[in-house]
Amino acid sequence: SKATVSVLYWHQPLHKPHPTTMPALKLVYFELPGRAEPARLAFAVGGVAFEDKRVSGEEWGMKIKPTVGPKQLPLLDVDGEVIGQSNAIMRYAGSVSSLGGKQLYPKEAGEALKVDEFCDIVGEVFGPLGKTFAIEEETER
């Protein structure tokens, strides 16, 4: 059934990390900073190699969206496994990126909780603000 398939999908291991190899990463988002930018920055700061695939609305709607499970951007392709949800992608980027020997997304639960709180606050503000980009009339925006 569809429910069984989705449960199985979420419980598959993303990749088996190896101390010397990173999975192939491809971040897919529109041709603007938006919700993919925190992950882009984390990968860049951490020196993590990734493909930054920027797509037009037409390319997304006609070519990519029909072929992937998550029906929204950003998407992160990790060795062929496609993951959606910007906060999950951002946390992953922070988990595999480090600066000065320290992982960007904290391993310690209390520190991670504070980072998550901040990210959720930003997300709550960005949600309503992001909708204004679709308004074509400048004075209305």
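Refer to the preceding data block for the structure.
Residues numbered from 1 in each chain as written. Predicted model: local features only at pLDDT ≥ 70, side-chain atom pairs only at ≥ 80, totals over all residues. Heavy atoms only, no water.

1. A look at the overall build of the chain
Across its full length, the chain holds 5 helices and 6 strands. Mapped in sequence order, the helices and strands of the chain form the string α-β-α-β-α-β-β-α-β-β-α. A total of 141 residues make up the chain; the buried ones form 25% of that total. Taking contacts inside the chain between residues at least 6 apart in sequence as the whole, the part at least 24 apart equals 56%. (Helix = DSSP H or I, 4+ residues; strand = E, 2+ residues; numbered from the N terminus. Buried < 20%, exposed > 50% of the residue type's maximum accessible area, 1.4 Å probe, protein only. Contact = heavy atoms within 4.5 Å.)

2. Quick look at the pattern of salt bridges
Taken as a whole and judged by the stated rule, the model has 6 salt bridges. When the shortest N-O distance is used, the salt bridge between Asp 52 and Arg 54 registers 2.8 Å. Residue Asp 52 is classed as partly exposed on the basis of its relative accessible area, which comes to 30%. Here Arg 54 falls in the partly exposed class, since its relative accessible area comes to 38%. Through salt bridges with shared partners, one network takes in Glu 37, Arg 40, Asp 52 and Arg 54. (Salt bridge = Lys/Arg side-chain N within 4 Å of Asp/Glu carboxyl O.)

3. Section: helix 4 (residues 86–96)
All buried positions along helix 4 are accounted for by Ser 86, Ile 89, Met 90, Tyr 92, Ala 93 and Gly 94. Buried residues along helix 4 sit in contact with strand 1 (25–30), helix 2 (37–46), strand 3 (75–78), strand 4 (81–83), strand 6 (102–103) and helix 5 (109–131).

4. Section: the environment of Glu 51
Tracing the chain through its elements places Glu 51 in strand 2 (residues 51–55). Judged by its relative accessible area of 43%, Glu 51 is partly exposed. C-alpha of Glu 51 to C-alpha of Val 28: the two residues are 23 residues apart in sequence and 8.3 Å apart in space. Each residue touching Glu 51, except ones within four places of it in the same chain, is listed here: Leu 25, Lys 26 and Leu 27.

5. Some words on the side chain of Arg 40
Structurally, Arg 40 can be placed in helix 2. Taking relative accessible area as the criterion, Arg 40 reaches 4% and is therefore assigned buried. A polar contact is formed between the side chain of Arg 40 and the side chain of Asp 52, at a distance of 2.9 Å. In this structure Arg 40 touches Leu 27, Tyr 29, Phe 30, Leu 32, Pro 33, Phe 50, Asp 52 and Arg 54, once residues within four positions along its chain are discounted. (Polar contact = N/O pair within 3.5 Å; in protein donor to acceptor, adjacent residues only side chain to side chain.)

6. Describing the layout of surface pockets
Reported here for the largest pocket is a volume of approximately 460 Å³. Taken together, the elements giving at least two residues each to the lining of the largest pocket come down to helix 2, helix 4 and helix 5. Across the lining of the largest pocket, the residue classes break down as 11 nonpolar, 6 polar and 1 charged. Empty space within the second largest pocket amounts to approximately 270 Å³. Among the residues forming the lining of the second largest pocket, the class breakdown is 7 nonpolar, 3 polar and 3 charged. (1 Å grid on protein atoms, 1.4 Å probe; cavity = no way out; pocket = protein on both sides within 12 Å on 5 of 7 lines; lining within 4 Å. Points joined across faces, edges and corners; volume = space filled by probe spheres on them. Nonpolar A, V, L, I, M, F, W, Y, C, P; charged D, E, K, R; others polar.)

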